[in-house]
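Examination of the molecular architecture
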Amino acid sequence: MITVEHLTKCYGDFMAVEDLSFSIEEGHVYGFLGPNGAGKSTTMNIMTGCLSATAGHVRIDGHDIFEEPGKAKRLIGYLPEQPPLYMNETPEEYLRFVGEAKGLRGRELAEQIASVIEQTRIADVKHRSIAALSKGYRQRLGIAQALLGNPRVIILDEPTVGLDPLQIIEIRDLIKQLGQSHTVVFSSHILSEVQAICDQILIIARGKLVAFGEPAELERQLLSPSEITLTAEGTAQEVRDLAAGVPHVTDVAVTAEEPSLATARVHTDAEDIRDTSRALFFAFAGAGKAIVEMSLKRANLEDIFLELTEAPPGGGGPGGRL
Amino acid sequence: MTAVWKHELKNYFHSLTAYVFGAFLLAFTGIGAMLYNIQAAVSNFEYVLSFCSLVFVVIVPVLTMRAIAEERRQKTDQLLYSLPITTLQVILGKYLALLAVYLIPLCVISLYPLVFAQYGEVCLRTAYGSILAFFILGAALIAVGVFISSLTDNQGMAAGIGVAVILLNYYSVSLSEYASATAAGSAVALAVLALLLGLVIRCLTRNGNVAYWVSFLLILAITALYVVDSSAFEGLLPDIMAKLSLFERFNTFVNGVFDMTAIVFYLTVIVFFLFLSVQSLEKRRYN
């Protein structure tokens, strides 16, 4: 649906986006995740034709956004970071203008306006001045505007920023709902939000794509668990010796000792951590010591996010598509 | 384009702008008509228009100041960029809406000569020739105003610069008499203009190299020309200043001559400044 190839954007000497490539398939909700200033807005502005790229291509369903802007822009609805609203108009007048600019006329225009007003639930305020609307309503009106013309992709730049918790929940529900009928790309710097709504995540840091995949896949592949915590019968020394004797175990640290029980953290370099936990079980069982508790440390997206986005420049995490 | 046109037109009538513009223009025409046609009992309506043209200095910037500056301030320019319409359509839509706002009081003004003709002999041909020229003069000034509005996101600034530019243009013929007519003076003034052009290019494109080269090459050309034939520069600066005056050409019509070259000049100014406005909007995508 959208292919971004080797996208680069420089502001003077500053590289806002550097050699970014990814492709977006139809029917998913994509989350653009990255700390502030990572290049999310720049990328989205380029994808929607609001900004030119220094190098690279963006194609929407095969149409280059710079060479065939008319065709490409009809396929996208875009809500910039600050909803682009004319404050002296009413939502209805505003939607009429956007609809006409998108080429809708007559009955089709009226039907679409009615439908987006219903979808975004702004019917109560449609005759009020936009200047008098709350931020949540303005954001919804911004989304309504993006939905006009029934574009296949909806791109939303930080749609929940600056809203109160209740409004955030409403907007998230709306995005989820939109995801059923459109391809949605939205950016956020809040991890839990992306995790809750998206089925595909792109993580951007310092203008580069550092990870791309499903949330669960990212967790599994990026930070596979490498640490086992176990509590077993025996003294600290016995537990340490038994665990250290297991293949692939690189390090054992006893963290607590009770009478007849000891807890240890075991690090392994095995490809599948379960091989190590199985080997540990048999080693302790063979020695006649029962393991009373054993757990694998699970990484979550928070760790991935921090690891990827805080890596020093040049060091970098794993790049490209996983 | 029609969407932008309708939207803009509605905006001008929603706000006071269209009314203030029309009221001012009509008030000055009324005063002019009273002074010349009624009190002095002159039958030439074109003198009224000549008197009125000064009011453009104030009302054109007031009309055009928000055209693009306001879009920028409200960040609605992002919407325009993301909609499937071209920048040219946006500028044309806005410009035609401004022309429509301008045409309404002008229609009322067009009735004046007809009314006066009921009470005496009025040369309708020079009167309507001048009204047409008055329309195109205003249209050219509006195009300049649109361009000035596209340079800033501050309406007040756009209005201020607009007033200054149009006022300078209004007095450029009088000022040209004070400008140095010697060859050396003209050459130096042109060199300064070349430097200013470079500065403008630098501000617009943020590309220092292009600006330096343009300035450098222009100054080089001026110097070379001056060395080869210094007499070519004799009186050049006052000449250019007088030629660039939009108002001076309007006076030809007032004097009863329908000057086609002036019409072509006005149309060129309109196309040139609309083109610059499109470039100014496009440029925003590049930085």
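Up top you'll find the structure we're talking about.
Here's what I pulled together on the structure shown here. A quick note: this is a predicted structure, and the numbers were derived from the prediction, not measured.

Some details on the sheet that holds strand 4 (residues 55-60) of chain A
Hydrogen bonds along the backbone pair up the strands of a sheet, which may run parallel or antiparallel. All names here are of chain A. Strands sit in the order 2-1-4-5 across an open sheet of four strands; the sheet is antiparallel. Sheet topology places strand 2 (14-24) and strand 5 (63-64) at the edges, where each strand pairs with a single neighbour. When strand 1 (residues 2-11) meets strand 4, the two strands line up antiparallel, connected through five bridges. Across the sheet, the residue bridging to T8 is A55, located in strand 4.

Brief notes about the pairing of strand 8 (residues 183-188) of chain A
Residues and elements named next belong to chain A. Summarising burial for strand 8: six of the six residues are buried, a large majority. Neither face of strand 8 is left uncovered, since the one carrying T183, V185 and S187 and the one carrying V184, F186 and S188 both have all their residues buried. When strand 3 (residues 29-33) meets strand 8, the two strands line up parallel, connected through five bridges. By the bridge assignment, L33 is partnered in strand 8 with S188. The pairing of strand 7 (residues 153-156) with strand 8 spans four bridges and is parallel. Pairing of L156 across the sheet is with F186, part of strand 8. Crossover handedness for the path strand 7 to helix 6 (residues 165-179) to strand 8: right-handed.

Re the packing of aromatic side chains
Overall, the coordinates contain 25 aromatic pairs over all chains when judged by the stated rule. Taking the centre distance of 5.9 Å and the plane angle of 75° together, the rings of Y86 of chain A and F97 of chain A count as edge-to-face. Remark: F97 of chain A occurs in helix 3 (residues 91-101) and Y86 of chain A occurs in the loop between strand 6 (76-79) and helix 3; sequence separation between them is 11 residues. One Lys or Arg, R249 of chain B, reaches over the ring of F265 of chain B and ends 3.9 Å from the middle of that ring.

Rules and cut-offs
- Residues numbered from 1 in each chain as written.
- Chains lettered and ligands numbered in written order.
- Predicted model: local features only at pLDDT ≥ 70, side-chain atom pairs only at ≥ 80, totals over all residues.
- Heavy atoms only, no water.
- Pairing = 2+ DSSP bridges.
- Helix = DSSP H or I, 4+ residues; strand = E, 2+ residues; numbered from the N terminus.
- Buried < 20%, exposed > 50% of the residue type's maximum accessible area, 1.4 Å probe, protein only.
- Right-handed = clockwise from strand over helix to strand, strands pointing away.
- Phe/Tyr/Trp six-rings, centres within 6.5 Å; stacked < 30°, edge-to-face > 60°.
- Lys NZ or Arg CZ within 6 Å of the ring centre and 35° of its normal.

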